[in-house]
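Take a look at the letters that make up each chain.
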Amino acid sequence: AQTVTQSQPEMSVQEAETVTLSCTYDTSESDYYLFWYKQPPSRQMILVIRQEAYKQQNATENRFSVNFQKAAKSFSLKISDSQLGDAAMYFCAYRIPHNFNKFYFGSGTKLNVKP
Amino acid sequence: SAVISQKPSRDICQRGTSLTIQCQVDSQVTMMFWYRQQPGQSLTLIATANQGSEATYESGFVIDKFPISRPNLTFSTLTVSNMSPEDSSIYLCSVEEGKNYGYTFGSGTRLTVV
C-alpha cells in the first residue's frame, strides 16, 4: 500500500527560529517524486519543494530544505528563519511514475509561528 | 506555472440540491484532477478528467454523485449532486505541471451543506 505518514499534527516555532516537519512514506517503488505543499488559510495549495528519489542531493529552496533518507523512506522539511507567513498546514506527498495521475498525501502538519 | 481560477470560492447549500464548481486554466492541459478535502483531513482524489473522454473515478466516488465535464483543454466542472451535510468539504481542482513537477491547485471551493 502506498501511504504517507506525518506524525506531527501540529507544531509551533518562534519567529526567526528553525523547525523541522517529519514525513515518512511507504512504497515498493524505486523511482518516485516527493513534495511538500503548503496550505495557508486561503486554502491555496502551494508547492514548497520537490525531490526526485533518484537524486541523492537534498533539495533546497531559499529557507526551505529537505532531509531525504531514501533507505529510511523519510522526507523531512526544514524551515529556517521562520516567518509569520510560514504559518499554514504542510502536506507531504509523493507520486510514482507508472501511476502518475495519483498523488499520495499525508494527513498534514499545522505549523504555528509565534512572534 | 499554470494559473487556475476556481469558482465559487464558497457556498452554503441546502441538502438535496446540487452545486457545480468551475475550474478555468490559463493554458491547455491534458489532465485535470478534482480533490476533496474534508474538515481537518488531507486531500482525497475524486477523479481525473481528460478532455474528450469520461472522467476516471477513484474508489468510493461515482459519476452519479460527482458528474464531471471536460469540454476543452482549459476548463472543467465538478457537480456535487443531491448534497448532504457529509458533502461539506473543500473541493479543489488541479493540473499537472509536467512529469517532474507537482500539481498546481485552484484556490478551492468551501462547500457547506445545511
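Presented here is an overview of the structure given in this document. (Residues numbered from 1 in each chain as written. Chains lettered and ligands numbered in written order. Predicted model: local features only at pLDDT ≥ 70, side-chain atom pairs only at ≥ 80, totals over all residues. Heavy atoms only, no water.)

1. Here's the deal with the interface of chain B and chain A
Consideration 1: Between chain B and chain A, the residue contacts involve 27 residues of the former and 19 residues of the latter.
Consideration 2: Counting each side, the surface lost to burial between chain B and chain A is near 1,900 Å², with a carbon and sulfur contribution of 48%.
Consideration 3: In this assembly, chain B and chain A are joined by one salt bridge.
Consideration 4: In this structure, the salt-bridge partner of B:Glu96 is A:Arg95, at a minimum N-O distance of 3.1 Å. (Contact = heavy atoms within 4.5 Å. Buried area = accessible area lost by both parts, 1.4 Å probe. Salt bridge = Lys/Arg side-chain N within 4 Å of Asp/Glu carboxyl O.)

2. Quick look at the sheet that holds strand 8 (residues 75–80) of chain B
Residues and elements named next belong to chain B.
Consideration 1: Spatially, the four strands line up as an open sheet ordered 1-3-8-7, and their pairing is antiparallel. This sheet does not close on itself; its edge strands, each paired only once, are strand 1 (4–7) and strand 7 (68–72). Between one strand and the next, the sheet's axes are offset by a mean angle of 15 degrees, whatever the strand orientation.
Consideration 2: In this structure, strand 7 lies alongside strand 8, joined through three bridges in antiparallel fashion. Looking at strand 8, one finds that Ile68 is bridged to Leu78. (Pairing = 2+ DSSP bridges. Helix = DSSP H or I, 4+ residues; strand = E, 2+ residues; numbered from the N terminus. Axes fitted to C-alpha atoms, helices over the stretch in contact; angles between N-to-C directions.)

3. Here we look at the environment of A:Tyr37
Consideration 1: Turning to its location among the elements, A:Tyr37 is positioned in strand 5 (residues 33–39).
Consideration 2: Sequence separation between A:Tyr37 and A:Leu47 is ten residues, and the spatial gap between their C-alpha atoms is 4.6 Å.
Consideration 3: Discounting residues that sit within four places of it in the chain, A:Tyr37 has contacts with A:Met45, A:Ile46, A:Leu47, A:Val48, A:Met89, A:Tyr90, A:Phe91, A:Phe103, A:Phe105, B:Gly102, B:Tyr103 and B:Phe105.
Consideration 4: A distance of 2.6 Å separates the side chain of A:Tyr37 from the backbone nitrogen of B:Tyr103, its partner in a polar contact. (Polar contact = N/O pair within 3.5 Å; in protein donor to acceptor, adjacent residues only side chain to side chain.)

4. Some points on the state of the cysteines
As used in these notes, a disulfide is a covalent bond between sulfur atoms, one from each of two cysteines.
Consideration 1: Per the counting criterion, the structure on display carries two disulfides over all chains.
Consideration 2: Across a sulfur-sulfur distance of 2.0 Å, A:Cys23 and A:Cys92 are joined as a disulfide pair. Between A:Cys23 and A:Cys92, the disulfide has an S-S torsion of -70 degrees and is therefore left-handed. In this pair, A:Cys23 is assigned in the loop between strand 3 (19–21) and strand 4 (24–26) and A:Cys92 in strand 10 (residues 88–95), connecting sequence segments 69 residues apart.
Consideration 3: Residue classification places A:Cys23 among the buried positions, given a relative accessible area of 1%.
Consideration 4: Accessibility expressed as a relative area gives 1% for A:Cys92, which makes it buried.
Consideration 5: Put simply, B:Cys23 and B:Cys93 are joined by a disulfide, and their sulfur atoms are 1.9 Å apart. Because the torsion about its S-S bond is 70 degrees, the bridge between B:Cys23 and B:Cys93 counts as right-handed. Pair noted here: B:Cys23 is in strand 3 (residues 19–25) and B:Cys93 is in strand 9 (residues 89–96), with a separation of 70 residues, a long-range link. Take B:Cys23 and B:Cys93: they sit in the same class, and that class is buried.
Consideration 6: Here B:Cys13 stays unpaired: no disulfide links it, and the sulfur of B:Cys93, its closest cysteine neighbor, is 17 Å away.
Consideration 7: On the accessibility criterion, B:Cys13 (8% relative accessible area) is buried. (Disulfide = S-S within 2.5 Å. Buried < 20%, exposed > 50% of the residue type's maximum accessible area, 1.4 Å probe, protein only.)

No statement about biological role is implied by the geometric values presented.
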